[in-house]
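Chains, contacts and geometry: an overview
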Amino acid sequence: PRVHEEEASVVSGSPRVHEEEASVVSSSPRVHEEEASVVSMVPRLALVMACLCLVHPAAHGAVDLYDHTPPNPRDATALRQVRAALVNTQGTLDGWEGGSPCFAPWVGVRCERGNDVTHLELPGRNFAGVLAAAVGDIVELIVLDLSQNFITGGLPGSLQNLTNLKTLNMANNALTKPLPKSIASAPSLSRFSVASNKIEGPIPVGDWPSLKNLDVSNNRLTGPIPNRWPADVRTLILHTNCLSGNIPGDLSKYASLRTLKLQSNTLDGTIPQLWGKEFEELLVLDVSRNLLFGEIPSALAQAPKLKQLIVHNNQLTGETPAGILNKNLTLAFVR
């Protein structure tokens, strides 16, 4: 009887087995639905990846298949002419080929206005040669930086074509020719440095309409210091040249001027006696190593932000004004 009962139990349990089998079978449509869902997602994923590629362009030097930047044969030709006038560019500018300098941008090139070259920055590349006039054909150029090379000659007059040029840095080269007069009329030029060259001739006289920072130090410039500058000029670094004549008293009217470095020239006359509170922002005044005589203006103590007053190695006489001695200058070389 027990055997029959166990057999009956096994038989009575069979519906559960059938139910589980039925459950497995009934679940199969869900599996097919999930598979179909995964398959349907594939085109969507491909579309998303394509969009991401468009939003995030290829890294510098890589080819972006979704980049539709049109060619710019004008800038490409001008850049190759600039390259042809330079020496020692092999291995650095070999990739300057074709007509699209902004597509996977060429070395030293940036384009912030579609397919127009706006930045040419190649400092410290050991280039020699000269700066070709063709640089003036890159008409949308904003920044030109070829500093710390061995470029000779001078700045081409064609730079006057670059009406959007804001920064021109040719410091630490071997330029010798006088600065072009047109540079003083460049409408957008804000930062101009030709420091540490061998440039001769005068500082060009003009309106310098947008100039904020000028550095022509360590050259062979001659003639007087111009007394006409833009109202909001901030830095005039003219030291270590052969500039002569008197220091223009009108420099004090430039209330935004922060740094005035005139040392190591052949300036004579006196330090303008009315220089003082008009220098609202002046931090540094250096007129050392010149041929100046007379007394140190007591009004300089009224320059509210003056931190450095450097006047040694001149022919100054008289006592140092008490107001200057009492002023909290970080450096004050008065003899």
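The present account deals with the structure reproduced in this document. (Residues numbered from 1 in each chain as written. Predicted model: local features only at pLDDT ≥ 70, side-chain atom pairs only at ≥ 80, totals over all residues. Heavy atoms only, no water.)

So, the nonpolar core
Of all hydrophobic cores here, the largest spans 71 residues; its most connected members are L144, L168, F192 and W229. The greatest single-element share of this core, amounting to four residues, is contributed by helix 2 (residues 73-85). Setting aside residues up to four positions removed in sequence, F192 forms contacts with L155, L168, L179, I183, W208, L211, N213, L214 and D215. (Core = buried A, V, L, I, M, F, W, Y, C linked by side-chain atoms within 4.5 Å. Buried < 20%, exposed > 50% of the residue type's maximum accessible area, 1.4 Å probe, protein only. Helix = DSSP H or I, 4+ residues; strand = E, 2+ residues; numbered from the N terminus. Contact = heavy atoms within 4.5 Å.)

Here's the deal with the packing of aromatic side chains
Tallied over the entire structure, the rule returns four aromatic pairs. Ring centres 5.2 Å apart and planes at 80° place the aromatic pair W275 and F279 in the edge-to-face group. Residue F279 is classed as buried on the basis of its relative accessible area of 0%. Grouped by ring-pair contacts, the aromatic residues F192, W208 and W229 constitute a single cluster. (Phe/Tyr/Trp six-rings, centres within 6.5 Å; stacked < 30°, edge-to-face > 60°.)

Here's the deal with the sheet that holds strand 12 (residues 242-245)
What the six strands build is an open sheet, ordered 8-10-12-14-16-18; its pairing is parallel. At either end of the open sheet lies a strand with only one pairing partner, and these are strand 8 (200-201) and strand 18 (315-316). Sheet analysis places strand 12 next to strand 14 (residues 266-269), joined by two bridges and oriented parallel. Paired with G245 across the bridge in strand 14 is L267. (Pairing = 2+ DSSP bridges.)

With respect to the pairing of strand 12
Pairing analysis gives two bridges linking strand 10 (residues 220-223) to strand 12, with the strands arranged parallel. Of the residues in strand 12, the one forming a bridge with G223 is L243.

Overview of the pairing of strand 16 (residues 291-294)
Every second residue of strand 16 is oriented toward a common face, the buried set being L292 and G294 and the non-buried set L291 and F293. Pairing of strand 16 with strand 18, which is carried by two bridges, proceeds in the parallel orientation. If you follow G294 over to strand 18, its bridge partner there is L316.

Some details on empty space enclosed by the protein
In the structure shown here, the tally under the stated rule is one cavity of 30 Å³ or more. Its volume calculated, the largest cavity comes out at about 60 Å³. Lining the largest cavity, in full, are L159, Q160, L162, L165, S182, I183, A186 and L189. In terms of residue class, the lining of the largest cavity is built from six nonpolar, two polar and no charged. (1 Å grid on protein atoms, 1.4 Å probe; cavity = no way out; pocket = protein on both sides within 12 Å on 5 of 7 lines; lining within 4 Å. Points joined across faces, edges and corners; volume = space filled by probe spheres on them. Nonpolar A, V, L, I, M, F, W, Y, C, P; charged D, E, K, R; others polar.)

A short note on the pattern of salt bridges
Per the counting criterion, the structure on display carries nine salt bridges. The salt bridge involving E97 is made with R83; its shortest N-O contact spans 3.0 Å. Here R83 lies in helix 2 and E97 lies in the loop between strand 1 (86-87) and strand 2 (109-110), a separation of 14 residues in the sequence. Salt-bridge contacts for E281 lead to K305; the nearest nitrogen and oxygen are separated by 2.9 Å. Of the two residues, E281 is situated in the loop between strand 14 and strand 15 (284-286) and K305 in the loop between strand 16 and strand 17 (308-310); the sequence distance between them amounts to 24 residues. A relative accessible area of 26% places E281 in the partly exposed class. Exposure remark for K305: the relative accessible area of 37% places this residue in the partly exposed category. (Salt bridge = Lys/Arg side-chain N within 4 Å of Asp/Glu carboxyl O.)

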